[in-house]
Amino acid sequence: MSNEIVLTSKYWDCECAENYIHPRSVSSCAICKSRRSEQPQSRVNEVVAHGLPLMPARRPTPLALDGGDSAASEQLSTPEVLSTLQGESTPAHRK
Ligand SMILES: [Zn+2]
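Predicted model only: the values in this text are computed from it and were never measured.

Calculation criteria
Residues numbered from 1 in each chain as written. Predicted model: local features only at pLDDT ≥ 70, side-chain atom pairs only at ≥ 80, totals over all residues. Heavy atoms only, no water. Helix = DSSP H or I, 4+ residues; strand = E, 2+ residues; numbered from the N terminus. Contact = heavy atoms within 4.5 Å. Areas by Shrake-Rupley, 256 points an atom, 1.4 Å probe, with all protein chains shown as cover. Donors = N, O, S within 2.8 Å, 3.2 Å for Na, K, Ca; no water. Tetrahedral: all angles 85-135°; square planar, octahedral: opposite > 155°, others 65-115°. Buried < 20%, exposed > 50% of the residue type's maximum accessible area, 1.4 Å probe, protein only. Pairing = 2+ DSSP bridges. Axes fitted to C-alpha atoms, helices over the stretch in contact; angles between N-to-C directions. pLDDT = per-residue confidence, 0-100. Polar contact = N/O pair within 3.5 Å; in protein donor to acceptor, adjacent residues only side chain to side chain. Salt bridge = Lys/Arg side-chain N within 4 Å of Asp/Glu carboxyl O.

Just to check I follow, could you spell out the overall build of the protein chain for this structure?
Within the protein chain, the regular secondary structure consists of three helices and three strands. In the protein chain, once contacts between residues fewer than 6 apart in sequence are set aside, the share between residues at least 24 apart is 51%. Only carbon and sulfur atoms are counted for the fraction: they give 52% of the accessible area of the protein chain, which is about 6600 Å².

As structure tokens, then:
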């Protein structure tokens, strides 16, 4: 267990009290009108707690899906949903 706060660039938080986690493919929240460019990235543990798919940030390979071997090192994501957001992914460094 770790208390470390890890952010993911795959999601961002809007200002809603609930359902405030949005995937990066969404540029603004329809409810509170927060914009992705002005909001912080989501915490990995919150994304996971909400049951949202999260892919390993440093492993931009879609092959983890049924390969099994490359999924071995990941701890908190759900490999079966990897393909959902993969098309949106830009593994290159993003601030
Ligand atoms: Zn919102």
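What follows continues from the structure just given.
Is there a simple way to explain the coordination of the zinc ion in this structure?
Taken together, the protein ligands of the zinc ion are Cys14 (SG), Cys16 (SG), Cys29 (SG) and Cys32 (SG), with distances of 2.2 to 2.4 Å. Taken together, the four donor atoms surrounding the zinc ion define angles of 104 to 114° at the centre, an arrangement classified as tetrahedral. The buried category is assigned to Cys14, whose relative accessible area is 7%. We classify Cys29 as buried; its relative accessible area is 2%.

Whenever I open this one, the environment of Glu46 confuses me. Can you help?
Residue placement: Glu46 occurs in helix α1 (residues 44-49). Remark: the alpha-carbon pair of Glu46 and Leu7, spanning 39 residues in sequence, is separated by 9.4 Å.

Mind showing me how you'd approach the sheet that holds strand β3 (residues 41-43) here?
The strands making up a sheet are joined through hydrogen bonds of the backbone, oriented either antiparallel or parallel. The sheet built from three strands is open, its strands ordered β2-β1-β3 with antiparallel pairing. Edge strands, defined here as strands with exactly one partner in the open sheet, are β2 (21-23) and β3. Here the strands of the sheet are splayed against their neighbours by 70° on average, with no regard to which way each runs. In the sheet, strand β1 (residues 7-13) pairs with β3 via three bridges, with the strands oriented antiparallel.

Whenever I open this one, the confidence of the model for the protein chain confuses me. Can you help?
Fine structural detail should not be taken from predicted coordinates in areas where pLDDT scores are low. Per-residue confidence for the protein chain gives a mean pLDDT of 76, with 55% of residues at or over 70. Scored below 50 in pLDDT, residues 70-74 makes eight contacts in the model with residues more than four places away or belonging to other chains.

Would you mind going over the side chain of Ser34 with me for this structure?
Following the sequence through the fold, Ser34 ends up in the loop between β2 and β3. Assessed through its relative accessible area of 5%, Ser34 is described here as buried. Within the local environment of Ser34, its side chain forms a polar contact with the backbone nitrogen of Glu15, the two atoms lying 3.4 Å apart.

What should I look at first to understand the pattern of salt bridges in this one?
By the definition in use, this model includes one salt bridge. Two residues, Arg35 and Glu38, come together in a salt bridge whose shortest N-O distance is 3.2 Å.

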